[in-house]
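Here are the chains, one letter per residue:
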Amino acid sequence: MESYIQIRNIVKQFYGVYALKDISFNIAKGSVHAIMGENGAGKSTLMKILGGVYQADGGSITIQGKEQRINNVNDSAACGISVIYQEFNLISELTVAENIYISDIPRKTFLGFVEKKKRSANAKELLEFLEIDVDPDAYVKDLTVSEKQMVEIAKSLSRNADIIIMDEPTAALNEEEVKKLEDVVNMLRKEGKTILYISHRLKEVFDMADTVTVLRNGEYVDTKPIGELNETAIIKLMVGHEIDSSINRQSYATERVLLEVYNLHLENVFAEVSFKLHAGEILGVAGLMGCGREEVLAAIYGLFQYDSGRVLLEGKEVSFKSPKDAIAHGICFLTDDRKDEGILPQMSVEENTTLISIRSAEKKLGFYVDPKSEAEQLKQMTDFMSIKYANPKQKISYLSGGNQQKVLLGRNLLLDNKVFIMLEPTRGIDVGAKEEIYSLLSQLAKEGMGIIAVFSDMNELIKVCDRAIVFCDGKVTGGLTREEFNKEKILTFAAGRKR
Amino acid sequence: MKKFILKHSDNLSLGAVIIMLFIGFSIMQPNMMTAFNIKNILVQVSLTAIAAAGMTFAYTAGVFDMSIGSILALVSVVVAKTATTYGFFIALAAAVVIAVMVGVVNGLIVTKLGIQAFAATLVTMILIRGIAVLIANGADIPLYSMEGIKFISSGTIAGIPFPIILTVLVYIFSYILYYTTVFGMKLRSVGSNADASKISGIKTNRMVIAAFVLTAVTAVLSSLIKTAQVMFGKSTIGEDFALDVMTTVILGGTLVTGGKGNLTGTLIASILIAVIKNGLNINNVNSYYQQLIIGIILIFALIVNGIKTMKNERQIRREG
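Keep in mind that this is a model prediction, so the values were computed, not measured.

Criteria and thresholds
Residues numbered from 1 in each chain as written. Chains lettered and ligands numbered in written order. Predicted model: local features only at pLDDT ≥ 70, side-chain atom pairs only at ≥ 80, totals over all residues. Helix = DSSP H or I, 4+ residues; strand = E, 2+ residues; numbered from the N terminus. Rg over C-alpha atoms; globule rule 2.2 N^0.38 Å. Buried ≥ 20, exposed ≤ 12 C-beta atoms within 10 Å, placed from the backbone. Contact = placed C-beta atoms within 7 Å. Nonpolar A, V, L, I, M, F, W, Y, C, P; charged D, E, K, R; others polar. Pairing = 2+ DSSP bridges. Axes fitted to C-alpha atoms, helices over the stretch in contact; angles between N-to-C directions. pLDDT = per-residue confidence, 0-100. Parallel < 35°, antiparallel > 145°, perpendicular 65-115°, else oblique. Left-handed = near helix turned anticlockwise from the far one by under 90°. Core = buried A, V, L, I, M, F, W, Y, C linked by C-beta atoms within 7 Å. Domains from an automatic or database assignment. Expected span 1.5 Å × (residues − 1). Arc of directions from axis to C-beta.

## Observations regarding the overall build of chain A
Working step 1: Along its length, chain A carries 19 helices and 20 strands.
Working step 2: Expected size for 499 residues packed as a compact globule is a radius of gyration near 23 Å; at 26 Å, chain A falls within 12% of this value.
Working step 3: With the principal axes as the frame, chain A shows a C-alpha extent of 75 × 55 × 45 Å.
Working step 4: Counting over 499 residues, chain A shows a buried share of 47%.
Working step 5: Taking all contacts inside chain A whose residues are at least 6 apart in sequence as the whole, residues at least 24 apart take part in 68%.

Have a look at this one:
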């Protein structure tokens, strides 16, 4: 028998890099089909192709025996596909009912006035069918994340979608809300809808899915009925063969404790977070998207405040009210969003480098910026990291990503810092620059600095770090020493399975 | 030399436009070229140029101040009221205190309440004008008894009109503040990227408030010149002033999106606008047309500014 949906040889490239390579598999009607893979495996790209956001460079999609050309979002909707993205497509200033019927407004035939009552009643019916307790006349901006999710599902149903794609629907939900979503998904299956479910979380997949397809690095790995799989098997499929973690990197970790964190807690974001950082150590922080690790580190740095818990710097209790405080105590921070939170686009390479240090010199020099000292500081960092630029007054926007990143590192290194918190220090830079950053981290560790580095790419984490902690749902679910490093283990912790 | 021209192409092209306009107007009306008229133009320039220096700081920090014209009126009224009883210097001190307060209020509304600068200063513009009218009791406050005040607008030192000296001083101070101090660097960095500045330990709110205060304080000086010109404390002065000043700053090449001010450009642009206004006046062009022409210049300036901003963004996107 022919399958309901046949995906054949789908190829997608971005600027010459394969995001998807020759993907083929079938999806059965009325099933919940989970699509799994690490960050960057190509899951979202595939879903965006089905949703008409991207166009495949090659391959075909056949639905109910008919080959479909999906060139845009409307084509996708015409095929009965509805996609619920991680960033919802709801308009917060409109009501629930208005959002559900946004593209299909019930109108009186005469004059075309909107039939508000009918719309609300229809919406109510839909919501009741889904057993969701949401007022159709409530404004979307007042809903919780999980309620918004349900509204998205109702919207899909209102359009008579037969195929509903959910892209990491549980990333921002708590356990109870996940349970509710599971109920709704089961109900939809009973109604004969086909559901494509993308998730990192193993538990949900085992609770809901009938079939699992695993992608890795943009390639198809396998499709199996859930009954033939267990957690270890899925992780093995996702990770592929073991990577070589025996690369000899000298460890400079000492016994001296720099930073201690005890029971850090912020309502609904993270809880019971405790860890230690030693001088000369590179501590890797792993976890999946939305696991709360960036938030914990930003809170320690004083970007926002935590509810309770203690932070000790070299044995003394500290609590930073602002980044200024943290900097004064020798802690620095590298953002993972270089463009929006890192560079000062209109300003020169020199000014971008000395942004922090020039102010700490303020006390000595008064209010005056000494151009000589600025130039010297830039030179110091240029020599240290071989930053490439045409001249010190050149705008930083002209530099490559790697060089911009070095400037941002230099901005923090000009002061005598003890602890360096880095979010994705190698994001968006080329391979060569990555290697330079790795050896730079080593160099800093050797000099006795304590480094906390968030890496999404586990290969990098394993390569660079001395020790790692893993987050899931705002909690530390595991810790590994260098000897224990292993992708499967990290992934198991990240998926929330304590061992 | 080529490098210099390239680097300063914006300012040089504005300067070239001034010279061409000046020659054009002079041919049409020879009275343009007289020493008297040139002095007239320069005094006219000082009025906007001084406040525009402050506004350049506001734009650099990523905000702007629509209430500046109302500050002009409030200061004028307060100075007139206090000067006649307490003397000029007490009046000046009162004016500065009021300006700082207004700046702080503007800044707090924008930073703490998170209201956009446009809406926030639109509201304070109306409020402050209201306060000025109240204090003046709806009438002009004469300053006949204070002949000395006249010096601010028409006095000379070594033959140079005092407003021009004042303008030069304000610009020297502004240049130092903008280019050579930590304050200037922080201000630019906040306007360039507020999030990055915050992460780098800059108190971004304080910088925005400071920018509003600077703008209000420069408005005090402009107000004094205007008040001395008419020798009245008037609650009606400066009604189109905010528009004039903002036109000047944008025309001068300061980025409307923040992070990059151009003080030289602001100064040249205020000369340009004064030359246009004076040239039209001296050629007996109806004042209604003057508004129209200033409006057209503003559109032109905004387009050029928009192109520059777009270029900037594209560059960031490409490289980032």
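## Remarks on the overall build of chain B
Working step 1: Helix and strand counts for chain B come out as 14 helices and four strands.
Working step 2: Taking 2.2 N^0.38 as the reference for a compact globule, 320 residues should give roughly 20 Å; the C-alpha atoms of chain B span a radius of gyration of 20 Å, in line with that estimate.
Working step 3: Expressed as lengths along the three principal axes of its C-alpha atoms, the size of chain B is roughly 65 × 50 × 35 Å.
Working step 4: Across the 320 residues in chain B, those meeting the buried criterion constitute 46%.
Working step 5: The long-range fraction of contacts in chain B, counting pairs at least 24 apart against all pairs at least 6 apart in sequence, stands at 79%.

## Description of the interface of chain A and chain B
Working step 1: With 31 residues of chain A at the contact, the number on the chain B side is 24 residues.
Working step 2: In terms of residue count, the dominant contributor to the side of chain A that touches chain B is helix α11 (residues 338-342) of chain A (five residues).
Working step 3: Along the lines of polarity and charge, the residues of the side of chain A that touches chain B split into 16 nonpolar, six polar and nine charged.

## Quick look at the sheet that holds strand β15 (residues 316-318) of chain A
Residues and elements named next belong to chain A.
Working step 1: Reading across the sheet, the four strands line up as β12-β11-β14-β15 and stay open at both edges, with antiparallel pairing between neighbours. Each edge of the sheet is formed by a strand with only one pairing partner; in this case those strands are β12 (270-278) and β15. Strand after strand, the sheet turns through a mean of 20 degrees between neighbouring axes, direction not considered.
Working step 2: Bridge count for strand β11 (residues 257-266) against strand β14 (residues 308-313) is five bridges, and the pairing is antiparallel. In the sheet register, V261 faces β14, and the bridge partner there is V311.
Working step 3: Each of β11, β12 and β14 touches helix α9 (residues 293-300); the most contacted strand, β11, lies at about 115 degrees to it.

## So, the pairing of strand β16 (residues 331-334) of chain A
Side-chain positions along a regular strand alternate between the two faces of the sheet.
Residues and elements named next belong to chain A.
Working step 1: Burial of β16 is two-sided: the residues I331 and F333 facing one way and the residues C332 and L334 facing the other way are all buried.
Working step 2: Examined bridge by bridge, β16 and strand β17 (residues 419-423) share four bridges and lie parallel to one another. Looking at β17, one finds that L334 is bridged to M422.

## A few points about the confidence of the model for chain B
Segments scoring low in pLDDT should not have their predicted coordinates read at a detailed level.
Working step 1: Summarising the model, chain B shows a mean pLDDT of 87, and 95% of its residues fall at 70 or more.
Working step 2: Here the complex is predicted with pTM 0.73, and the ipTM for its interfaces comes to 0.79.

## Overview of the packing of helix α4 (residues 68-86) of chain B against helix α11 (residues 204-230) of chain B
All names here are of chain B.
Working step 1: Closest axis-to-axis distance for the α4/α11 pair is 8 Å, and the angle between their directions is 60 degrees. With respect to each other, α4 and α11 are oriented oblique. As α4 runs across α11, the sense of the crossing is right-handed. Contacts from I68, I71, L72, V75, S76, V79 and A80 of α4 reach α11 at T215, A216, A219, V220, S222, S223, L224, K226 and T227.
Working step 2: Classifying every residue of the contact of α4 with α11 by side-chain character gives ten nonpolar, five polar and one charged.

## Details of the nonpolar core
Working step 1: Of all hydrophobic cores here, the largest spans 148 residues; its most connected members are I165, I451, A453 and A494 of chain A.
Working step 2: Here this core gathers at least three residues from each of two domains, domain 1 (5-239) and domain 2 (257-494) of chain A.
Working step 3: Each residue touching A453 of chain A, except ones within four places of it in the same chain, is listed here: I282, G284, V285, M422, P425, V464 and C465 of chain A.
Working step 4: Core analysis: the next-biggest nonpolar cluster, separate from the first, contains 84 residues, F22, F57, Y59 and A132 of chain B among them.

## Brief notes about the packing of helix α12 (residues 241-251) of chain B against helix α13 (residues 263-282) of chain B
All names here are of chain B.
Working step 1: Remark: α12 packs on α13, axes separated minimally by 7 Å, with the N-to-C direction vectors making an angle of 125 degrees. Relative to α13, the element α12 lies oblique. The crossing of α12 and α13 is right-handed. Across the interface between the two elements, D244, T247, T248, V249 and L251 from α12 touch T266, A269, S270, L272 and I273 from α13.
Working step 2: Looking at side-chain class alone, the contact of α12 with α13 contains five nonpolar, four polar and one charged residues.

## Considering the domain arrangement of chain A
Residue and element names in this part refer to chain A.
Working step 1: Looking at the assigned domains, one finds that chain A contains domain 1 (5-239) and domain 2 (257-494).
Working step 2: For domain 1 and domain 2, the distance between their C-alpha centroids amounts to 36 Å.
Working step 3: Opposite the eight residues of domain 1 that make contact, domain 2 presents eight residues.

## Here we look at the sheet that holds β16 of chain A
Residue and element names in this part refer to chain A.
Working step 1: With mixed pairing, the six strands of this open sheet are ordered in space as β16-β17-β18-β13-β19-β20. Edge positions in the open sheet fall to β16 and β20 (475-481), since each of these has one partner strand only. Across this sheet, the average inter-strand angle for adjacent strands is 20 degrees, counted without regard to direction.
Working step 2: Sheet topology places strand β19 (residues 467-472) next to β20; six bridges connect them, and they run antiparallel. Paired with I469 across the bridge in β20 is G479.

## Looking at helix α4 (residues 116-129) of chain A
Residue and element names in this part refer to chain A.
Working step 1: Helix length check: α4 (14 residues) gives 20 Å between terminal C-alpha atoms against 20 Å at 1.5 Å per residue, within 8%.
Working step 2: Every buried residue of α4 is accounted for by R119, S120, A123, L126 and L127. Around the axis of α4, the buried residues are gathered within 125 degrees of arc, so they sit on the same side. Opposite the buried face of α4, at more than 90 degrees from it, the exposed residues are K117, E128 and F129.
Working step 3: The inward-facing, buried residues of α4 contact α3 (96-100) and α5 (145-158).
Working step 4: Phi for E131, located one or two positions after α4, is positive at around 55 degrees.

## Observations regarding unusual backbone geometry
Working step 1: We note that D473 of chain A has phi near 50 degrees; this positive angle belongs to a residue other than glycine.
Working step 2: Along the chain, D473 of chain A turns up in the loop between β19 and β20.
Working step 3: Positive phi, normally seen in glycine, also occurs at M231 of chain B, with a value near 55 degrees.
Working step 4: Note on M231 of chain B: 17 C-beta atoms within 10 Å, which makes it partly exposed.

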